Amino acid sequence: MTVKELRELDDTQLAEKLVEFRKDLFDLRFKHATAQLENIRQLNDVKRTIARILTIQRERQGA
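All figures in this text were calculated on a predicted structure; none of them were measured in a lab.

Asker: So what exactly am I meant to see when it comes to helix α2 (residues 11-33) here?
Answerer: Because each turn of an α-helix spans 3.6 residues, side chains separated by three or four positions in sequence point in the same direction. For α2, spanning 23 residues, the distance from its first C-alpha to its last is 33 Å, which sits close to the expected 33 Å at 1.5 Å a residue. Two residues or fewer after α2 comes A35, characterised by a positive phi angle close to 60°.

Asker: Got a minute to help me understand the confidence of the model for the protein in this structure?
Answerer: Interpretation of this model should avoid reading the predicted coordinates in detail wherever pLDDT is low. The predicted model of the protein averages 96 in pLDDT, with 100% of residues at 70 or higher. Mean pLDDT across the secondary structure elements of the protein bottoms out at helix α1 (residues 3-7), with 95, and peaks at α2, with 97.

Asker: Sorry, what's going on with the pattern of salt bridges here?
Answerer: If charged atoms from side chains of opposite charge come close, those side chains can pair. The full count for this structure, using the stated rule, is five salt bridges. The salt bridge partner of D27 is K23, with a shortest N-O separation of 3.2 Å. Within this pair, D27 and its partner K23 are both found in helix α2, separated by four residues, close to a single helical turn. D27 sits in the partly exposed class, given a relative accessible area of 28%.

Asker: Whenever I open this one, unusual backbone geometry confuses me. Can you help?
Answerer: Among all residues save glycine, negative phi is the norm, and among peptide bonds the norm is trans. The phi angle at A35 is positive, at roughly 60°, despite the residue not being glycine. Its location among the elements puts A35 in the loop between α2 and α3 (41-62).

Definitions and cut-offs
Residues numbered from 1 in each chain as written. Predicted model: local features only at pLDDT ≥ 70, side-chain atom pairs only at ≥ 80, totals over all residues. Heavy atoms only, no water. Helix = DSSP H or I, 4+ residues; strand = E, 2+ residues; numbered from the N terminus. Expected span 1.5 Å × (residues − 1). pLDDT = per-residue confidence, 0-100. Salt bridge = Lys/Arg side-chain N within 4 Å of Asp/Glu carboxyl O. Buried < 20%, exposed > 50% of the residue type's maximum accessible area, 1.4 Å probe, protein only.

Structure, rendered in structure tokens:
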């Protein structure tokens, strides 16, 4: 997801997306550990998306 798409979500939807992406990260790590993950780039993409969501949440708390 892009930053623009994430910023358009409200706080509850953003929290739901965070849970979803953390679950995806867990699944990708598990696949990587068992050598079933073909595209390792997905790990970095999911981590960056999680970081984006956390940044947006912190910005909203400060505002």
